[in-house]
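Notes for the structure review
Listed below, chain by chain, are the residues.
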Amino acid sequence: MQDAKAMKLKIGLAEMLKGGVIMDVTTAEQAKIAEDAGAVAVMALERIPADIRAFGGVARMSDPTVIKAIQQAVSIPVMAKCRIGHFAEAQLLEALGVDFIDESEVLTPADEEYHVNKWEFKVPFVCGCRNLGEALRRIAEGAALIRTKGEAGSGNIVEAVRHMRAVQSGIKRLTVLGDEELVTEAKNLGAPVEIVREVKKLGKLPVPNFSAGGVATPADASLMMQLGAETVFVGSGIFKSADPAKRAKAIVSATTHYMDFDLIARVSEGLGDAMVGIEIEKIPAAERMAERGW
Amino acid sequence: MITVGILALQGDFAKHAQMIEKLGQRPILIRTAEQLRQCDGLIIPGGESTTLLKLMKKHALWDAVLDFARPKPVFGTCAGCIVVARSILGTKQESLGLIDIDVQRNAYGRQVDSFIDAVDIQLNGTMDKMEGVFIRAPKIKRIGKDVTPLAWHRNDVILAEQGCILVGTFHPELTEDSRVHEYFLRKIKANLFGICRNSI
């Protein structure tokens, strides 16, 4: 019962963020640019994913100084990332008063078997997934929000599309299965049967489903919203582009009005260069962030 | 059937739409001024008030909502309450000024301070209990003399009305309890019959 109440508050905040854009920022100035552009929340980071990729080495939770400076700069919710399974980083982030924790594959995993037990926290968690089974395992661990992973820092939307389609077709499949098929389906998905039943009944995930990893243009944002994302995370796509403020505003407009193609065409004009982007095949398998998480 | 517009620029519009549908009325999601014309009433949902404000201005909904509210009912919850208030304490943030209240943003703190608690509600003369969901909620710090308080959490007014404008700092749409939405639908009906009017 306590769990149910706490979960209602956690999912409640995710509901408030729907139809919006959540932007990765590394400084108070960038956070202001994001807020002014109409972001619904910011993700406070030491380095954006494209730089984490370029920098190499172990990527950890951000310095609290960076998070605090960003919390002071804006009034919208501030999110921050912890490493997969690193519950102590999560405890620190909760103590810092961040509004959402992203247990993220963008950082170097701390545990190759277990994710954080998110039920133990008062602060809500968002977790990445590539398919329905992964999404349902994270929900079973207490995630209040799911985002498809995409490939962070790639500027390439192809993985985000793959993961969103996989989740959506997994859900569609459940809705046509008979009740007698659900236990086996749960086994195949590697997810608890109770949650599988719930998804079949609802025809959607029991928590909001956002999209991340690879959005670089207003059209990318519209694409993900049309494929079923309820909000879009934009990482490197904004601050690795020629004109971040203008691009940020354009992506916000394209997300809100994702079916208004005249408007999206208009806001897409004259944005300058988008981030360069990488073909996924050119990223060595060991460096693909989406593969992290189990 | 009553048509209730739900401002869907950003926020928890989907939950309000579900509630209106559950009550047998027609919700429509509002993203342009044009769409407002079909509505008998409007809900401005929870979300981020700064974001809502910017998007309303950018997409010509600021003046459109002001015009809409002159004759018609508007219900603002959480961020929506901030958007329709007379003034927002401690910031220069603009607001529509549809109801004579002063509001303080994030008055309880950050998400870790969000909570669920029993609240007292008085919608038809008798005092009742209800579940109040408060998420990074604002507080109503002052109500004008023409504003009627309708619900309380401890000593704070959390639901209030003036003419056809209804505001709440909590989220009835996140519960199964539809009493507040039913109350708003009654206001819309009264407005359609010319009984409930706005003074602004």
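Owing to the predicted nature of the structure, the values given are computational and were not obtained by experimental measurement.

To continue, consider the overall build of chain A. Secondary structure summary: chain A contains 13 helices and 8 strands in total. The C-alpha radius of gyration of chain A comes to 18 Å, within 12% of the 19 Å expected for a compact globule of 294 residues. When its C-alpha atoms are laid out on the principal axes, chain A stretches across 55 × 45 × 40 Å. Expressed as a percentage of the 294 residues in chain A, the buried residues total 60%. Look at the contacts in chain A between residues 6 or more apart in sequence, and 67% of them connect residues 24 or more apart. Carbon and sulfur atoms provide 52% of the accessible area of chain A, an area that totals close to 11,400 Å². Distance from the positive charge centre (35 side chains) to the negative charge centre (40 side chains) of chain A: 2 Å.

This paragraph deals with the sheet that holds strand S11 (residues 156–162) of chain B. Strand pairing in a sheet relies on backbone hydrogen bonds, with the paired strands running either antiparallel or parallel. Residues and elements named next belong to chain B. A sheet is described by the order of its strands in space; here 9 strands give the open sequence S2-S1-S3-S4-S12-S11-S10-S7-S8, paired in mixed fashion. Looking at strand neighbours, the two that pair on one side only are strand S2 (26–30) and strand S8 (127–134), the edges of this open sheet. Between one strand axis and the next, the sheet turns through 25° on average, direction left out of account. Pairing of strand S10 (residues 148–153) with S11 involves 5 bridges; the strand directions are antiparallel. What sits directly across from Pro149, in S11, is Ala160.

At the interface, 36 residues of chain B touch 34 residues of chain A. A per-residue breakdown of the area chain B buries against chain A is headed by B:Arg110, B:Gln111 and B:Val112, which together make up 22% of the total. Elements with a minimum of two residues in the side of chain B that touches chain A: helix H1 (13–22), helix H3 (49–58), strand S7 (115–122) and S8 of chain B. Of all the elements, H3(B) adds the most residues to the side of chain B that touches chain A, at 5 residues.

The next subject is the sheet that holds strand S5 (residues 85–88) of chain B. Residues and elements named next belong to chain B. Pairing is mixed across the open sheet formed by 3 strands, whose spatial order is S5-S6-S9. Of all the strands in the sheet, the pair left with one neighbour each is S5 and strand S9 (139–143). The average angle at which neighbouring strand axes cross in this sheet is 35°, direction not considered. One ladder, built from 3 bridges, connects S5 with strand S6 (residues 99–104); its direction is parallel.

Here is what the cut-offs are and how they apply
- Residues numbered from 1 in each chain as written.
- Chains lettered and ligands numbered in written order.
- Predicted model: local features only at pLDDT ≥ 70, side-chain atom pairs only at ≥ 80, totals over all residues.
- Heavy atoms only, no water.
- Helix = DSSP H or I, 4+ residues; strand = E, 2+ residues; numbered from the N terminus.
- Rg over C-alpha atoms; globule rule 2.2 N^0.38 Å.
- Buried < 20%, exposed > 50% of the residue type's maximum accessible area, 1.4 Å probe, protein only.
- Contact = heavy atoms within 4.5 Å.
- Areas by Shrake-Rupley, 256 points an atom, 1.4 Å probe, with all protein chains shown as cover.
- Lys, Arg positive; Asp, Glu negative; His and termini not counted.
- Charge placed at Lys NZ, Arg CZ, Asp CG, Glu CD.
- Pairing = 2+ DSSP bridges.
- Axes fitted to C-alpha atoms, helices over the stretch in contact; angles between N-to-C directions.
- Buried area = accessible area lost by both parts, 1.4 Å probe.

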